[in-house]
Amino acid sequence: AVTVALLAARRIAPGPAVAYIMAQCVGASIAGFLLAFIYGSLGVGGAEITGSQAIAASKLGTPAFDPSVVKPMMAVIVEIALTFLLVFAVFCTAVDPRAPKIGGFGIGLTVTMDILMGGPITGAAMNPARTFGTLIGGGNATAGLWSQHWVYWLGPILGGLLAALIYDVLIRERGPTKA
């Protein structure tokens, strides 16, 4: 979502943006498989929970929402809001050359607040690749969550684009205009 926003704001070229998105999805998938391996090794030696039970119970942390409580469009709206805040923090604390050098703190605080607010509702993904990776790594344990996957692409991308637009229109420093 941040990469798409940077592309929309002309802060990154299309070629590197596509490469970054692909690398993020591959990296997230590797992390998902690593989580499956780690969780899958639980329960060795007669423990009370097996690896497959741990994967099934945790779904490797894949964001999800309960459709009987949260309708898909509301989940999209929540992800738009969460990602808007995150990307806006990225633009205002890390991308803007005038910003004080507090990017890590500002972005981390925003992620924390997003998770506290949105975690119980949608899982607070804010990142399509993050959701994709654990879905891939989770195999059968996460198969039922593919029907929600579109929410975790649409919401974050729209939220990121909205943040980029508002930053570009209201905050970005403009060069001198020619008469």
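Use the structure listed above.
Calculation rules
- Positions within a chain are numbered from 1, following the residues in the order the chain's sequence is written.
- Residue-level local features of this predicted model are given only where pLDDT is at least 70; pairs of side-chain atoms are given and counted only at 80 or more, and the full residue set underlies all totals for whole chains, interfaces and linings.
- Each side-chain value is derived from all of the structure's non-hydrogen atoms; neither hydrogens nor water enter the calculation.
- Helix and strand assignments follow DSSP, with helices taken as H or I runs no shorter than four residues and strands as E runs no shorter than two, numbered in order from the N terminus.
- Exposure classes here rest on a 1.4 Å probe applied to the protein chains alone. A residue is buried below 20% of its type maximum, exposed above 50%, and partly exposed in between.
- Surface accessibility in these figures is a Shrake-Rupley result with a 1.4 Å probe; residues are shielded only by whichever protein chains are displayed.
- Aromatic rings from Phe, Tyr and Trp, with only the six-membered ring used for Trp, were paired whenever their centres fell within 6.5 Å, and each pair was classed as stacked if the ring planes differed by under 30 degrees, edge-to-face if by over 60, and tilted otherwise.
- We call two residues in contact whenever any of their non-hydrogen atoms come within 4.5 Å of each other.
- Every definition here rests on a 1 Å grid over the protein atoms only: cavities are sets of points where a 1.4 Å probe fits but cannot get out, pockets are open sets enclosed by protein on both sides within 12 Å along at least five of seven lines, and lining residues have some atom within 4 Å of a point.
- Grid points are joined across faces, edges and corners, and a volume is the space filled by probe spheres set on the points.
- The nonpolar class holds Ala, Val, Leu, Ile, Met, Phe, Trp, Tyr, Cys and Pro. Asp, Glu, Lys and Arg form the charged class, and all remaining residues, Gly among them, are polar.
- Axis definition: a line fitted to C-alpha atoms, over the contacting stretch in the case of helices. Angles run 0 to 180 degrees between N-to-C directions.
- Each angle is binned into one of four classes, with values under 35 degrees roughly parallel, values over 145 roughly antiparallel, values of 65 to 115 roughly perpendicular, and all other values oblique.
- Whether a crossing is left-handed or right-handed is set by the direction in which the near helix is turned from the far one by less than a right angle, anticlockwise for left-handed and clockwise for right-handed.
- Working definition of a nonpolar core: buried Ala, Val, Leu, Ile, Met, Phe, Trp, Tyr and Cys residues. They are joined through side-chain atoms within 4.5 Å.
- One axis fitted to the seven residues ending at a residue, another fitted to the seven starting there: the angle between these axes is the bend at that residue.

(A) Seen up close, the overall build of the protein. When helices and strands are counted, the protein shows seven helices and zero strands. Reading the helices (α) and strands (β) of the protein from amino to carboxyl end gives α-α-α-α-α-α-α. With the C-alpha coordinates of the protein rotated into their principal frame, the extents come out at 75 × 35 × 30 Å. Looking at the 179 residues of the protein, the share that counts as buried comes to 37%. Carbon and sulfur atoms make up 72% of the accessible area of the protein, which amounts to about 9700 Å² in all.

(B) Layout of the packing of aromatic side chains. Evaluated as defined, the whole model comprises four aromatic pairs. Taken together, a centroid distance of 5.4 Å and an interplanar angle of 15 degrees make the contact between F84 and F88 stacked. Remark: F88 and F84 occur in helix α4 (residues 72–95); sequence separation between them is four residues, near one turn of the helix. Accessibility expressed as a relative area gives 18% for F84, which makes it buried.

(C) Structural detail: the environment of G103. In this structure, G103 sits in helix α5 (residues 103–122). By relative accessible area, which is 12% here, G103 ends up buried. Sequence spacing of G103 and V90 is 13 residues, and the spatial spacing of their C-alpha atoms is 6.8 Å. When sequence neighbours within four positions are dropped, the list of residues in contact with G103 reads T93 and G108.

(D) The layout of surface pockets, seen in detail. What the largest pocket holds in volume is close to 240 Å³. Looking at the largest pocket, it is lined by 16 residues, and the ones nearest its centre are A1, V2, Q24, M126 and N127. Mapped by element, the contributors of at least two residues to the lining of the largest pocket are α1 (2–8), α2 (14–40), α6 (128–138) and α7 (151–171). When its residues are assigned to classes, the lining of the largest pocket shows 13 nonpolar, three polar and no charged.

(E) Expanded view of the packing of α4 against α7. Packing of α4 against α7 brings their axes to within 7 Å, and their N-to-C directions diverge by 40 degrees. One way to sum up the angle between α4 and α7 is to call them oblique. Once α4 is placed against α7, the crossing between them reads as right-handed. Tallied by class, residues from the contact of α4 with α7 come to 20 nonpolar, four polar and one charged.

(F) Just the packing of α2 against helix α3 (residues 51–58), in detail. At a minimum axis distance of 7 Å, the contact between α2 and α3 shows a crossing angle of 130 degrees. On the basis of their axis angle, the class for α2 and α3 is oblique. For the pair formed by α2 and α3, the contact residues are A36, Y39 and G40 on the first element and G51, A54, I55 and S58 on the second. Taken together, the residues of the contact of α2 with α3 break down into four nonpolar, three polar and no charged.

(G) Geometry of the nonpolar core. Residues A5, L6, A9, I12, A17, F84, V87, F91, A163, A164 and Y167 constitute the largest nonpolar core, which totals 11 residues. Elements with a contribution of two residues or more to this core: α1, α4 and α7. Dropping the residues within four chain positions of it, F91 is found in contact with A5, L6, A9, D96, A164 and Y167. Core analysis: the next-biggest nonpolar cluster, separate from the first, contains seven residues, F65, A125, V151 and Y152 among them.

(H) Seen up close, α5. Maximum bend of α5: about 40 degrees, positioned at L116, with proline P120 one to four residues after it. When α5 is considered as a whole, its buried residues turn out to be G103, G106, T110, D114, G118 and T122. Each element contacted by the buried residues of α5 is listed here: α4 and α7. G123, located one to two residues past α5, shows a positive phi value of around 90 degrees.

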